[in-house]
Every structure is written in structure tokens, then in C-alpha cells.
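Structural overview for review
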Amino acid sequence: SKTELESRSVLRLSDFNKVVRKRTLEKEDDVPISIPYVSNEKVEPEELCHVCSVYTGRETYPCRICYKVYHESCLRKLGQCNDPASSVLLKKALKATGWSCQNCDDLSSLLTEEELHNLFSSLDRYEVAQDSSIGLEDFMEYRKRCYADEDGGTLPKESLQEDLARFHRIDKDNTGSITWWEFINFESIRILKKRSKNSNVHLMSPREIEIARRLFRIYDDSHQGNITEVNAKKAIAAYYTLFIECDDTLNGFAVFSKKEEELAFVLTESLSFTMDTEADKSRNVSWQEYILELSLYVLAARPNLSPVPVESSEWTKGVVVSTEMDCDLKRTTL
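Residues numbered from 1 in each chain as written. Predicted model: local features only at pLDDT ≥ 70, side-chain atom pairs only at ≥ 80, totals over all residues. Heavy atoms only, no water.

If you check an unreviewed UniProt entry, the protein chain appears there as KIAA1045 RING finger domain-containing protein from Magallana gigas.

So, in C-alpha cells, the structure goes:
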């Protein structure tokens, strides 16, 4: 019938954004991966639009994670980039900052069916309303109840202050509330943090590995695949600066923080998954160790607006990186 033909001709987001999830984590997810340090293979963006698969001569926009490319008109047909803020973010695909497609922008797509089910069950149990903004009061109440169930007792005053600060970092536009998308991304990283580091390396894309390798080489003067622990921290922090931009062009939709403030945050609070030892200028970190430590943050850095906050750590305190110079240096070499 005519109606059936029309319905078949309509583009649906689910047709191009299908998430294939594992039912649960398996043994092979924890198997270490040997990622070669020396590789001349360069990751290139796809040539044809992921939606229409047609060369039209129109400008295409590559995702900085999966390297699929899209026409803006095709994204609009899928219901994407229909608001001014999304359109501005899309244009960053052609800049050093880059842009994440609708699939890579959603960190919950990395979770298994079991993990996602447990997450939504806990949200229902704690009466967190879905598909709506979450205010500070609701967020803090959620964190108190999570702590009581997971650790027992009352949330300590220090943790209370950390959660309060964490909320304000997630709330980039200072509206006093965070979107459902921001909240789910934050919770997804908390879940991924509980996994083994090997499991998170399995989730990294070839492009993310390529960038990590190039950053490591900048500090590897001997070209032997080993750098000092201090430089390993700098390399991880440098990865963070690649996706930070002091940008006021979003005008009320979202405003990025200054580079100095964001970098101070990552050095003191974002790199909790790194080594738990004191900084040792004489100790070397191998390429394989580095990629393990970097993996979770690489995943947390996928969303468009900014990397998702991770828990605090003593390991990165005292590390100094020249944000302006290092950020520009890394971008030009990558």
C-alpha cells in the first residue's frame, strides 16, 4: 500500500545507530591485548556518508571516534542536528577539537545488557525520573542512597563536597540541573570504572589508539616504547586538552570552561584510574602500561561537550603541563 511504501522510505535513527550489546561480560573481555607500539598504519575516515552511502560532492563530517562520515542533511533526516547547539558542534568535526557522532556520544552504548539493566533498575529504585533534567537536590539524594547501599552508612562530609563539586562540573551551562544524557554518561563511566583495564582497552577504537600512540611518542626520546612516569601523566593530560576549547559560540546552549581550569580538574580529579603510587621521576612506564592507564579516560572523553568527570586521585597532583603551548603542539602534530 502507499502508506507502507512511504513508511519504508522514511529514514530511522535506529537503522543507522543500532547498538549491539553483549549480554554480559565474558572471559575474553579480560584477555590482555598486545597493541603494537610501532605501526605505520594510518586510520582514515570513511569516504561515503554512513547514511546514504552516496558521493554527492557535499561536505561530509567525520566522527573523531569511529571515523564514519555524515552529510548534515542526512543527519537532519535522522532527527539529529536540528537545534543550533548541535549544528555548532557538528561543524567542529572539521576542526582540531572534532565531533562525536550520535552513537559515540552516548557512553551507555558501551555497557552490556546486564549492566544497563542494573543501572536502570537502580534508577527506578531510587526514583530518578527518566528523560528529564536532574536538579542538584535530586542528584545529591541519589548519591546518598547509592552510598548507603554500596558502602553502608551515611555519605561522609568530604564525599558530599566532592559530589557537590562534581555536579557543578557536569552542569557546564550553570543551569542548576543536568540533562538525562549527561547523567547517564556520568553513570556509565562509573560502571566502566569497575571493569578491568583490559576490558576498557577492548572498547578503544583504532583512531583513539592512533592518537594515544602519537602522544606517547612525543615524550619517547629514545623511541624504545618507554617514558618516565611523570611524562606518562603529561601524555594522559595532553589527551584531555585535545578536546577542550575555550568557546563562547554556543551562546546559552553550552559554554566550555577555560583550558586552565579544565586541565587543573583532570590533573587533580579525573585520572583516578591511573597508578596508585607516588610520582617517581626515575621510573619508566611502558607503552602497554600507558595504554591500560589511559583507556578509561579515552572512553570518558568521547562526549561532545567535554570529557565526563571521573573520581579524584592523589597520583596526578603536582603535575604541571603548559596548557596553551602543549595543547596547540599536540593538535598540530596529530
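What follows covers the packing of aromatic side chains. Summed over the entire model, instances satisfying the criterion amount to 13 aromatic pairs. Their ring planes at 80° and their centres at 5.3 Å tell us that Tyr37 and Phe216 sit as a pair that is edge-to-face. On the criterion of sequence distance, the pair formed by Tyr37 in the loop between α2 (13-16) and β1 (60-62) and Phe216 in helix α10 (residues 206-219) is long-range, its members being 179 residues apart. Across the pair, exposure class does not vary: Tyr37 and Phe216 are buried alike. A connected cluster of aromatic rings, assembled from ring pairs, spans Phe120, Tyr126, Phe139, Tyr142, Phe167, Trp180, Phe183 and Phe186. Positioned over the ring face of Tyr126 is Arg125, at 5.0 Å from the centre of the ring. (Phe/Tyr/Trp six-rings, centres within 6.5 Å; stacked < 30°, edge-to-face > 60°. Helix = DSSP H or I, 4+ residues; strand = E, 2+ residues; numbered from the N terminus. Buried < 20%, exposed > 50% of the residue type's maximum accessible area, 1.4 Å probe, protein only. Lys NZ or Arg CZ within 6 Å of the ring centre and 35° of its normal.)

Let's shift gears to the packing of helix α11 (residues 229-241) against helix α13 (residues 287-300). Put simply, α11 and α13 touch, their axes get as near as 11 Å, and they point 25° apart. Overall, the two elements α11 and α13 adopt an arrangement that is roughly parallel. Of the two elements, α11 crosses α13, and the hand of that crossing is right-handed. Across from Ala232, Ala235, Ile236, Tyr239 and Tyr240 in α11, the residues of α13 making contact are Tyr290, Glu293, Leu294, Tyr297 and Val298. Classifying every residue of the contact of α11 with α13 gives nine nonpolar, no polar and one charged. (Axes fitted to C-alpha atoms, helices over the stretch in contact; angles between N-to-C directions. Parallel < 35°, antiparallel > 145°, perpendicular 65-115°, else oblique. Left-handed = near helix turned anticlockwise from the far one by under 90°. Contact = heavy atoms within 4.5 Å. Nonpolar A, V, L, I, M, F, W, Y, C, P; charged D, E, K, R; others polar.)

This next bit is on unusual backbone geometry. If you check the backbone angles, Tyr67 has positive phi at about 65° while not being a glycine. Inspection of the secondary structure assignment puts Tyr67 in the loop between β1 and β2 (69-71). Here Tyr67 falls in the buried class, since its relative accessible area comes to 13%. At Cys81, a position not held by glycine, the phi torsion is positive, near 55°. Of note, Cys81 is situated in the loop between α3 (72-77) and α4 (84-91). The class of Cys81 is buried, set by a relative accessible area of 7%.

Attention now moves to the pattern of salt bridges. This structure, assessed with the given rule, holds 13 salt bridges. A salt bridge links Asp29 to Lys22; the shortest N-O distance between them is 2.6 Å. Where Glu150 meets Arg190, a salt bridge forms, and the shortest distance between an N and an O atom there is 3.8 Å. One end of the pair, Glu150, is in helix α6 (residues 136-150); the other, Arg190, is in helix α8 (residues 180-193), with 40 residues separating them in the sequence. Take Glu150: its relative accessible area is 44%, and that puts it in the partly exposed class. Bridged by salt links that share partners, the residues Glu72, Arg76 and Lys91 form one connected network. (Salt bridge = Lys/Arg side-chain N within 4 Å of Asp/Glu carboxyl O.)

Quick look at the confidence of the model for the protein chain now. Of the residues in the protein chain, 74% have a pLDDT of 70 or more, and the chain-wide mean is 77. Taken as a whole, residues 246-260 scores under 50 in pLDDT and shows 32 contacts with residues more than four places along the chain or in a different chain. Predicted confidence for residues 312-334 stays below pLDDT 50, and this span has 59 contacts to residues more than four positions away or in other chains. (pLDDT = per-residue confidence, 0-100.)

Moving on: the environment of Arg64. Here Arg64 lies in the loop between β1 and β2. Put simply, Arg64 and Ala96 are 32 residues apart on the chain and 9.6 Å apart in space, counted from C-alpha to C-alpha. When near neighbours in sequence (up to four residues on either side) are disregarded, Arg64 contacts Thr97, Gly98, Trp99, Ser100, Arg207, Phe243, Ala301, Arg302 and Pro303. Looking at Arg64, its side chain comes within polar contact range of the main-chain oxygen of Ala301, at 2.7 Å. (Polar contact = N/O pair within 3.5 Å; in protein donor to acceptor, adjacent residues only side chain to side chain.)

Contact geometry of α10 with α13 gives a least axis separation of 11 Å together with a crossing angle of 125°. In terms of their interaxial angle, α10 and α13 are classed as oblique. Considering how the two elements wind past one another, α10 and α13 form a crossing that is right-handed. Mapping the contact onto sequence places Glu208, Ile209, Ala212, Arg213, Leu215 and Phe216 in α10 and Trp287, Tyr290, Ile291, Leu294 and Val298 in α13. Taken together, the residues of the contact of α10 with α13 break down into nine nonpolar, no polar and two charged.

Moving on: the nonpolar core. Ranked by size, the top nonpolar core spans 53 residues in total, and within it Leu123, Val128, Phe139, Phe183, Tyr239, Trp287 and Tyr290 carry the most contacts. Listing elements by their share of this core, those giving two or more residues are α5 (113-125), α6, α7 (157-170), α8, α10, α11 and α13. If one sorts the elements of this core by residue count, α13 sits on top with nine residues. Counting 17 residues, the second-largest nonpolar core is a separate cluster that includes Cys63, Leu89, Leu90 and Ala93. (Core = buried A, V, L, I, M, F, W, Y, C linked by side-chain atoms within 4.5 Å.)

Before going further, it helps to examine the side chain of Asp29. Along the polypeptide, Asp29 turns up in the loop between α2 and β1. Given a relative accessible area of 10%, Asp29 falls into the buried group. Among the polar contacts listed, one links the side chain of Asp29 to the side chain of Lys22, at a separation of 2.6 Å. Setting aside anything within four residues of it in sequence, one finds Asp29 in contact with Lys22, Thr24, Asn198, Ser199 and His202.

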